[in-house]
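# Analysis of the macromolecular model
What follows is the residue order along each chain.
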Amino acid sequence: MRNPGYARQLLRTRELYRHLKRAGLTDVRQRTVLIEHHAPLTPAAQDYYKAACAQLARQAMKLDPHSAWRPFADPAGPAHPLDDPDGYISEGNVLALGTVPRPLTPTEPAVQATTRSP
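Residues numbered from 1 in each chain as written. Predicted model: local features only at pLDDT ≥ 70, side-chain atom pairs only at ≥ 80, totals over all residues. Heavy atoms only, no water.

## As for the overall build of the protein chain
When you go through the protein chain residue by residue, the secondary structure sums to 3 helices and 2 strands. Along the protein chain, helices and strands appear, N-terminal first, in the series α-α-β-α-β. Looking at the 118 residues of the protein chain, the share that counts as buried comes to 19%. Taking all contacts inside the protein chain whose residues are at least 6 apart in sequence as the whole, residues at least 24 apart take part in 66%. Just so you have it, the protein chain exposes about 9600 Å², and 58% of that area is on carbon and sulfur atoms. (Helix = DSSP H or I, 4+ residues; strand = E, 2+ residues; numbered from the N terminus. Buried < 20%, exposed > 50% of the residue type's maximum accessible area, 1.4 Å probe, protein only. Contact = heavy atoms within 4.5 Å. Areas by Shrake-Rupley, 256 points an atom, 1.4 Å probe, with all protein chains shown as cover.)

The following block contains the structure:
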């Protein structure tokens, strides 16, 4: 199986709601939460976001070698935008929740839909 790439994986989040509904969950809801980081980033945030941005930059530069993503391509680069004193990065995280339906017990009657003919 081919790895779809980081950017493509990010796009799956908009489908979470539908996947849960199709799987039979009830009371499905979805929410997007914005996470923002302002300079100076913690070392852990620097490592994570520089690696993630480098992956996105490589994909963008395949389409346009002069892409505005170029400064993000080298996580250790001397002019990396996340090292700037005014550096900022944000991301949206999607949380989708649903309830697994309770199975019927042997003593509970199954509910059947009935229709009447006029």
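## Points about the environment of Asp86
Looking at where Asp86 falls in the secondary structure, it is placed in the loop between α3 (43–63) and β2 (88–99). We classify Asp86 as exposed; its relative accessible area is 70%. On a C-alpha basis, the gap between Asp86 and His38 in space is 7.3 Å, while along the polypeptide they are 48 residues apart.

## What to know about the side chain of Lys50
Examined against the element boundaries, Lys50 turns out to sit in helix α3. In this view, Lys50 contacts Ala45, Phe72, Pro75, His80, Leu82 and Asp83; residues no more than four positions away in its chain are not counted.

## What about the pattern of salt bridges?
Across all of its chains, the model carries 3 salt bridges by this definition. Across the salt bridge formed by Asp27 and Arg29, the nearest N and O atoms sit 3.3 Å from each other. (Salt bridge = Lys/Arg side-chain N within 4 Å of Asp/Glu carboxyl O.)

## What about the side chain of Gln46?
You can see Gln46 is positioned in helix α3. Discounting residues that sit within four places of it in the chain, Gln46 has contacts with Leu41, Leu82 and Asp83.

## Focus: the packing of aromatic side chains
Taken as a whole, this structure holds 2 aromatic pairs when the rule is applied. Pairing Tyr48 with Tyr49 gives two aromatic rings, centres 4.9 Å apart and planes at 80 degrees, and the pair type is edge-to-face. (Phe/Tyr/Trp six-rings, centres within 6.5 Å; stacked < 30°, edge-to-face > 60°.)

## Here we look at the confidence of the model for the protein chain
Per-residue pLDDT for the protein chain has a mean of 85; in total, 81% of the residues score no lower than 70. Within the protein chain, the element-level pLDDT minimum falls on helix α1 (residues 6–11), averaging 64, and the maximum on strand β1 (residues 26–38), averaging 94. (pLDDT = per-residue confidence, 0-100.)

## Description of unusual backbone geometry
Cis geometry is adopted by the peptide bond preceding Pro40, which originates at Ala39 and carries an omega value of -5 degrees. With respect to the helices, strands and loops of the structure, Pro40 is situated in the loop between β1 and α3. Of note in the backbone geometry, Asp27 takes a positive phi value of approximately 50 degrees without being a glycine.

## A short note on α3
The terminal C-alpha atoms of α3 lie 30 Å apart, and with 21 residues this matches the ideal 30 Å at 1.5 Å per residue to within 8%. Looking at α3, one finds that the buried residues are Ala45, Gln46, Tyr49, Lys50, Ala52, Cys53, Ala54, Leu56, Ala57, Ala60 and Met61. (Expected span 1.5 Å × (residues − 1).)

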